[in-house]
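# Structure assessment
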Amino acid sequence: MGACDEGACDEAAEMSLRAKQVSYRIDDTDLVSGIDLTVGEGQLVAVLGPNGAGKSTLLQLLAGDLKPTRGSVQLDGVDIGQISTQDLALQRAFLSQNPRLDLDFTVQAIVEMGRYPHRAQTDNSPAIDREAVADALTRVEITHLADRVVGSLSGGERQRVSLARIIAQRTPLLLMDEPTTFTDVAHQELIMIEARRIAAERGSVVAIIHDLNLAAAYADRILLLSKGQTVACGQPAEVLTSETLTDTYQLSMQVVEHPFRDGPLVLTVPQEITTETR
Amino acid sequence: MSRNRLILIGLAFLLIVVGVGSLLVGAASLGPSQILRVGLDRLGFTTDVEPQADSVLVGIRLPRTLATAFVGYGLGVVGASLQGVFRNPLADSHLLGISPAAGLGALVGYALTPSGATSWQTPVIIVICSALSGTAFSLYLGRLTSDAGRLSLIGAALSFGATAWLGAIVLVWDNSRVPTLLFWIFGGLTGATWRSLYVVAPVIVLAVFAQQRTARTLDILALGEVEARHLGVPVEAARRRVLGAAGVAIGAAVAMAGVVGFIGLVAPNLVRRALGPAHQDLLIGSGLVGAVLLLVADSAARTVANPTEIPVGLLTGMIGAPIMAWILIRPGFHGRVR
């Protein structure tokens, strides 16, 4: 159950992203240690875990932002550290947790920035750029905001602008650090549906998600982290069990069969108030 | 036509008007009709031009007006690109110390020029030394830190130091040259001749062109370094490119006009609200406004205390300081480029 690599977790026939025994150590502390993960084409992998579990660090390692102290990250068989900044931008897009968007640029201009890596590509053209931007705006339902100044938008709207920019980048690999932050319930579903569609159309998606049920509903596989290490990895039903979750989150949780679809439904069980606190 | 394009055309028109206006200003009084007659005469139509009017206009005022426009344009563009690359609306070649460093270089070049140098060699040597010094300094600055706030303070400290050295060297070197060399410190366009213009203008044009080519990258940098890297911008290399071009442009501008402050600071902040944050238009607009401001300042420098000429750097300071204060005080100021 441990590694998200071989056996049940290695369903990918065509491998696109592979992390092998990847670790990141800073000041004698292992933020991430010995994680295996293979993400194949068409897959959406959700990374779960409590705060400080090393999720964001892992995502930065997968993005090539951080250099692993041990182990390796490969994109289509090539060590990610060997790929130039320019080429990497054509292969992976990254949705940050708190994108800096208190800017005076219009939404349209921000999404157009997603086309920057393609500017020197011979197979690119202004028509393709326009089409990609229009398509990205439509997908996250912000076409009506195109001429608005991005700094004037709400948090949830800005989050969708960032997502549109990443979509317009049109990379085979998409890494997302909490894509549903600041967004309302309806748009959380929209974002996850879009993430699924991108995985199906273009490649693979790795997303850090806090909402366990959102992950259960949309992820092909879930990687559960705690204290920098893999707790469990596999299909949602395998990973999301009452014991594992209760143990990992230190909060009593019950997993039941989802009443309306196949798969697990996670419920938190309210703690009984103890006599001391009363 | 887009709104921005109309604004830019308007600014270009304003630049022409101010430029022609600056030809009318000076110690000898020349009216518009005399300018027109000299122009027609030079174009081949024979008119009754006094030879003195021709020599004042074509020999003295025209190169000065052109030099002022080139220097002002360069200062404006560099201000905008520095503010973009450091994501700080207070970034400026003077405040960051690039201009004083270039001034030191120019002074060294002046000292190095052999006494038998031809009138062509002198400006070339000065421009090379000034540009090298300005570029080396701005690249060094870019390596120190990417934190815009800290950088402004470091730059301010270094700027103060460089200005002090500039003053001290001039005083100690040769006391009798103080009046003529004061202009390295306070700025001035008295030395603008056709010859120096031929040397300086191409350098400024090339550096400005290099800056313009980085416009889209500067836009991406507004998202922050991490995001820029995710979009394929090699941030350090991009910063070096912008700072290198800035150093060259400032070097050439300082060699021509000495240290002129505030133009690079004020011009981008004046046009950013009208043109928006995208650098393609912002750089051009800042250049045009920079040229207009410096032409106005230089015209004033020549007239307000006639026959004494006030160093133009002092005038831009007198005008620029309150504008800067206004930028800082007004409610829309956010402490960073948005």
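Model, not experiment: these values are computed from the prediction.

### Looking at the interface of chain B and chain A
The interface is formed by 21 residues belonging to chain B together with 25 residues belonging to chain A. Between chain B and chain A the total buried area reaches about 2,100 Å² when both faces are included, carbon and sulfur atoms providing 55% of it. One can count 1 salt bridge joining chain B with chain A. Arg165 of chain A is the salt-bridge partner of Glu227 of chain B, the closest N and O atoms lying 2.6 Å from each other. Put simply, chain B and chain A have 6 residue pairs in polar contact (both at pLDDT 80 or more) between them. Looking at the side of chain B that touches chain A, the elements that each hand over two or more residues are helix H9 (215–221) and helix H10 (225–230) of chain B. Class assignment for the residues of the side of chain B that touches chain A results in 10 nonpolar, 4 polar and 7 charged.

### So, the side chain of Asn124 of chain A
Residues and elements named next belong to chain A. On the secondary structure map, Asn124 appears in the loop between helix H3 (107–113) and helix H4 (126–139). On the basis of relative accessibility, which here comes to 16%, the residue Asn124 falls in the buried class. For Asn124, the side chain forms a polar contact with the side chain of Arg115, separated by 2.9 Å. In this structure the side chain of Asn124 is engaged in a polar contact, spanning 3.3 Å, whose partner is the backbone oxygen of His118.

### A look at the pattern of salt bridges
The full count for this structure, using the stated rule, is 19 salt bridges over all chains. Between Arg115 of chain A and Asp129 of chain A there is a salt bridge whose closest N-O contact spans 2.8 Å. Residue Arg115 of chain A is found in the loop between H3 and H4, and its partner Asp129 of chain A is found in helix H4; the two are separated by 14 residues along the sequence. A salt bridge links Arg229 of chain B to Glu225 of chain B; the nearest nitrogen and oxygen atoms lie 3.9 Å apart. Of the two residues, Arg229 of chain B and Glu225 of chain B both sit in helix H10, 4 residues apart, roughly one turn of that helix. Look at Arg229 of chain B and you get partly exposed, because its relative accessible area is 28%.

Conventions we followed
Position numbers for residues count from 1 along each chain, tracking the sequence in the order it is written. Each chain gets a letter, beginning with A, and each ligand a number, beginning with 1, in the order they are written. The predicted nature of this model means local features are confined to residues of pLDDT at least 70 and side-chain atom pairs, given and counted, to a pLDDT of 80 or more, with totals for whole chains, interfaces and linings taken over all residues. Water and hydrogen atoms play no part in the side-chain values, which are based on all heavy atoms of the structure. The contact definition used throughout considers only heavy atoms, calling two residues in contact when any of these lie within 4.5 Å. Two parts lose some accessible area (1.4 Å probe) when they are put together, and adding that loss for both gives the buried area. Salt bridge criterion: a side-chain nitrogen from Lys or Arg within 4 Å of a carboxyl oxygen from Asp or Glu. The definition of a polar contact used here is a pair of N or O atoms within 3.5 Å, where within protein one atom must be able to donate a hydrogen and the other to accept one, and adjacent residues in sequence count solely through side-chain atom pairs. Runs of H or I in DSSP of at least four residues are treated as helices and runs of E of at least two as strands, each being numbered from the N terminus. Amino acids are sorted into nonpolar (Ala, Val, Leu, Ile, Met, Phe, Trp, Tyr, Cys and Pro), charged (Asp, Glu, Lys and Arg) and polar (every other residue, Gly among them). Residue exposure (1.4 Å probe, protein chains only): buried if accessible area is under 20% of the type maximum, exposed if over 50%, otherwise partly exposed.

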